[in-house]
Structures are given as C-alpha cells and as structure tokens.
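As a plain string of letters, each chain reads:
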Amino acid sequence: MQKFDLPQKDPDRVVLLQITDTHLFADDGGSLLGVATKDSFHAVLDAVEAAARPFEAIVATGDISQDHTEASYQRFCDGIARWPQPCFWLPGNHDYQPSMQSVLPSPQIKSCHQVLAGEHWQVILLDSQVKGVPHGELSDSQLAMLEQALAAHPQRHALVLLHHHPLPAGSTWLDQHQLHNADAFWAVLARHPQAKAVLCGHIHQELDCLYQGVRVMATPSTCIQFQPDSHDFALDNNNPGWRILELLADGQIDTQVYRLTGRQFTPQFDAAGY
Ligand SMILES: Nc1ncnc2c1ncn2[C@@H]1O[C@@H]2COP(=O)(O)O[C@H]2[C@H]1O
Ligand SMILES: [Fe+2]
C-alpha cells in the first residue's frame, strides 16, 4: 500500500479541497453537453483562489478526463499547479488509467492509497472503476486494502474516498451506476467504528447524509450538474462547484459546498445523456 504523511499546520484541523468530475479534454474547446470543461474547471480554480481559504491538500475524486488522453490529465495538473499543496487522486468510470499514470511521477499529484493526515485522521483512497462501464465495484484487493488500512490505525478517524456513490442517491437512471457491491463495502466499515465518513463524486450534485452511522458526502462537478430525484437523465441549472472539508480532532467534519456565482456555464438542458 502506498502511503503519504500529510503534516498538519493547525493543531485543531486538517483542511481538504475536493475537486471532482472535471471531464477535461485535450482539445482547448472540448465541451460536455455545451459546457466547455476547461473553462468551467478554471473558473472553479479561480473562485477557490479568490475565496482564499487555506487547505493542506487537494483531493480529486475521479472523472478527471472525458477523452482518455494524456493531454487532458496534463491539463488537470497544469490547472492545480497554481498551488504548492499535494493532490491525491483516484479514478472514476470515465478515466483511462494508462493516460492518468502518464503524468506520474509528478511533484504534486500522488496516486497513493493511504494518507496519514495530521495526528488524528487517515484518508483512504479506493479504485471502484470497472473498465468500460459506468457503474462501480470494489475488487477483493480493494476491499482487503480498505480493511488493512482501517485495522492498521484504529486510533485514527478515517475518511474513505471513492468515485462511485455507495448508496442510492435518489435518481433511478443514476443509481443503476452506483457502487454495485456496496454491501461488502459497508460490511468492512461496520467492523471499524473509527470510519467516520465517505466522500465521493460521480453524481454531479451535493449530498450529505448519514448511513449506518457514517456520514456520506458527494460534491458538485466542476462542469455539468445532474438534477436530484429524477427518474430519467436530467441536467440541473445549478452552477459548477467544489467542497472544503475540515477534519477535526474529535472525528467531526466541518464542510461546505461552494458554487460559482453568476450565469457563465449553461448546459444543453434538453440533452438526453452523453
Ligand atoms: N441517459 C443516460 N442514461 C443512463 N446513463 C447515462 C445517460 N447519459 C449518460 N449516462 C452515463 O451515466 C454516467 C453518470 O455520470 P458520469 O459522469 O460517470 O457519466 C455518465 C454516463 O456514463
Ligand atoms: Fe462524472
């Protein structure tokens, strides 16, 4: 298991910036249902910078690329290089891992599985990708890695990151693409009460709920948004966004979702999918 030690600046908290579902292209003008994903990604980065909230690391929870190219991953690296903080990333269903790895080693991006974050937390990063399909699944080796990481640090609160949502989010069309072996995932977490929270991408909307005593959060994409509680594919008119998480010493998490303001990125609302 690849590990990383993230030093804590503030004794009371470790702060993370989550960026998810950037869906970048090699092409400068590449767009997803009418949204130029490079422009919306950069608008989010500019807004994060303008908000000037300090953070210790960036976490990127998959669907970095939409076109599988090395250049799209390079675009992501170039975007976040305005900050010196490390970035931990994991793959989503749209990612192509050989291209993702082409930018490594990188001074900033780490594809490690376990981050010991300050004194009180560990962050565990899982790969739930099943090649060629939108739904997720955790292999036996990913489940074993999760078990091992939790067992190794029972005194640390744990935040688990994966791309796919491990419980239904409320939209029929999207929930067919959730983590399929969620029961196996929840069974591991149930054995380790220090597992406090799960953070994912994939659903292109905000979610914050409790499941089996574990907080489950999802975060807006930096490009298009999906409408909550929809039977069929439908886009939402919310703006692109991001999330800040403060991991507190007592195991609580203070978190906020932020979105761009104004009306810069309007998708094709009549689209039936992509
Ligand atoms: N109309 C649709 N019905 C079902 N799935 C879809 C539809 N359109 C897109 N998808 C897939 O559902 C996925 C959900 O978010 P992704 O960004 O992973 O990419 C999406 C596509 O792979
Ligand atoms: Fe996505």
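Cut-offs applied
- Residues numbered from 1 in each chain as written.
- Chains lettered and ligands numbered in written order.
- Predicted model: local features only at pLDDT ≥ 70, side-chain atom pairs only at ≥ 80, totals over all residues.
- Heavy atoms only, no water.
- Pairing = 2+ DSSP bridges.
- Helix = DSSP H or I, 4+ residues; strand = E, 2+ residues; numbered from the N terminus.
- Axes fitted to C-alpha atoms, helices over the stretch in contact; angles between N-to-C directions.
- Contact = heavy atoms within 4.5 Å.
- Donors = N, O, S within 2.8 Å, 3.2 Å for Na, K, Ca; no water.
- Buried < 20%, exposed > 50% of the residue type's maximum accessible area, 1.4 Å probe, protein only.
- Near = heavy atom within 4 Å.
- Polar contact = N/O pair within 3.5 Å; in protein donor to acceptor, adjacent residues only side chain to side chain.
- Areas by Shrake-Rupley, 256 points an atom, 1.4 Å probe, with all protein chains shown as cover.
- Nonpolar A, V, L, I, M, F, W, Y, C, P; charged D, E, K, R; others polar.
- Parallel < 35°, antiparallel > 145°, perpendicular 65-115°, else oblique.
- Left-handed = near helix turned anticlockwise from the far one by under 90°.
- Expected span 1.5 Å × (residues − 1).
- Right-handed = clockwise from strand over helix to strand, strands pointing away.
- UniProt positions renumbered as here; feature names shortened; annotations may be inferred.

What is the right way to look at the sheet that holds strand 13 (residues 214-218) in this model?
To summarise the sheet geometry, strands pair through backbone hydrogen bonds and adopt either a parallel or an antiparallel arrangement. One open sheet holds the seven strands; their spatial order is 1-8-9-10-11-13-12, and the pairing between them is mixed. Single-partner strands in this sheet number two, and they are strand 1 (3-6) and strand 12 (207-211). Mean inter-strand twist for the sheet, computed between neighbouring axes without regard to direction, equals 20°. Pairing geometry for strand 12 and strand 13, over five bridges, is antiparallel. Its bridge partner being in strand 13, Cys209 is matched across the sheet by Val216. Strands strand 10 (157-161), strand 11 (195-200), strand 12 and strand 13 of the sheet are contacted by helix 6 (residues 182-190), whose axis makes an angle of about 150° with strand 11.

Even after reading the chapter, I still don't get the sheet that holds strand 5 (residues 57-60), so can you show me in this structure?
On the basis of which strands lie adjacent, the open sheet formed by six strands has the order 7-6-5-2-14-15 and mixed pairing. Both outer strands of the open sheet, strand 7 (109-110) and strand 15 (253-259), are each paired with one neighbouring strand and no more. Note: strand 2 (residues 13-19) against strand 14 (residues 241-248), six bridges, orientation antiparallel. Its bridge partner being in strand 14, Gln18 is matched across the sheet by Arg243. Its contacts with the sheet put helix 2 (residues 70-80) on strand 2, strand 5, strand 6 (87-89) and strand 7, and the angle it makes with strand 6 is roughly 150°.

Would you mind going over the coordination of the iron ion (ligand 2) with me for this structure?
When a metal holds four donors in a tetrahedron, each ideal angle between them is 109.5 degrees; when it holds six in an octahedron, the ideal angles are 90 or 180 degrees. Around the iron ion (ligand 2), the protein contributes the donor atoms Asp21 (OD), His23 (NE2), Asp63 (OD) and His204 (NE2), at 2.2 to 2.3 Å from the metal centre. For the iron ion (ligand 2), the single-chain donor residues occur in sequence as D-x1-H-x39-D-x140-H. Highlighted residues: Asp21 in the loop between strand 2 and strand 3 (31-32) and His204 in the loop between strand 11 and strand 12, separated in sequence by 183 residues. The residues Asp21 and His204 share a single accessibility class, namely buried.

Just to check I follow, could you spell out the site of ligand 1 for this structure?
Taken together, 16 residues lie near ligand 1, and Asn93, His94, His177, Ala272 and Tyr274 sit nearest. One nitrogen or oxygen atom from the side chain of Asp63 is found 3.2 Å from an oxygen atom belonging to ligand 1. The contact in question runs from an oxygen atom of ligand 1 to an N or O atom on the side chain of His94, over 2.7 Å. Against a free-state accessible area of 460 Å², the protein chains account for coverage of 83% of ligand 1. Here the residues of the shell around ligand 1 are counted per class, giving seven nonpolar, eight polar and one charged.

Looking at this model, I keep getting lost on the packing of helix 1 (residues 37-51) against helix 2. Mind explaining?
Orientation of helix 1 relative to helix 2, taken along the N-to-C sense of each, is 20°, at an axis distance of 10 Å. It follows that helix 1 is roughly parallel to helix 2 by the angle criterion. Our pair here, helix 1 against helix 2, has a crossing hand that is right-handed. Residues Lys38, Phe41, His42 and Leu45 of helix 1 touch helix 2, and the partners they reach there are Arg75, Phe76, Gly79 and Ile80. Partitioned by chemical class, the residues of the contact of helix 1 with helix 2 number four nonpolar, two polar and two charged.

Even after reading the chapter, I still don't get helix 1, so can you show me in this structure?
Along an α-helix, residues three or four positions apart point the same way, because every turn accommodates 3.6 residues. A rise of 1.5 Å per residue sets the reference length of helix 1, with its 15 residues, at 21 Å; its end C-alpha atoms lie 21 Å apart and thus fit the reference within 8%. Buried within helix 1 we find Thr37, Ser40, Phe41, Ala43, Val44, Leu45 and Val48. Contacts made by the buried residues of helix 1 are with strand 2, strand 3, strand 4 (35-36), helix 2 and strand 14.

Help me understand the pairing of strand 5 in this model?
Along any regular strand the residues' side chains alternate between the sheet's two faces. Neither face of strand 5 is open: one carries Ala57 and Val59, the other Ile58 and Ala60, and all of them are buried. As paired elements, strand 2 and strand 5 share four bridges and run parallel to each other. Of the residues in strand 5, the one forming a bridge with Gln18 is Val59. One ladder, built from three bridges, connects strand 5 with strand 6; its direction is parallel. Paired with Ala60 across the strands is Trp89, a residue of strand 6. As a crossover connection, the stretch from strand 5 through helix 2 into strand 6 is right-handed.

How should I be thinking about unusual backbone geometry in this particular structure?
Among all residues except glycine, the phi angle is most often negative; among peptide bonds, the trans geometry is most common. A cis amide bond links Leu104 to the next residue, Pro105, at an omega of -5°. Positive phi, close to 55°, is recorded for Asp21, a residue that is not glycine. Look at Gln212: it is not a glycine, yet its phi comes out positive at around 50°. By secondary structure assignment, the location of Gln212 is in the loop between strand 12 and strand 13.

How do you make sense of the UniProt feature "binding site: Fe cation 2" (unreviewed entry) in the chain when you look at a structure like this?
The sites that carry the UniProt feature "binding site: Fe cation 2" (unreviewed entry) are, in the present numbering, Asp63, Asn93, His163 and His202. These residues run over 140 residues, yet every pair of their C-alpha atoms falls within 8.3 Å of each other. In this structure, His163 is in contact with Asp21, Thr61, Gly62, Asp63, Leu90, Pro91, Gly92, Asn93, Ser128, Cys200, Gly201 and His202, ignoring residues within four places of it in sequence. When you line up the elements, His202 lands in the loop between strand 11 and strand 12. Note on His202: relative accessible area 5%, which makes it buried. Polar contacts involving the side chain of His202 include one to the side chain of Asn93, which spans 3.3 Å.

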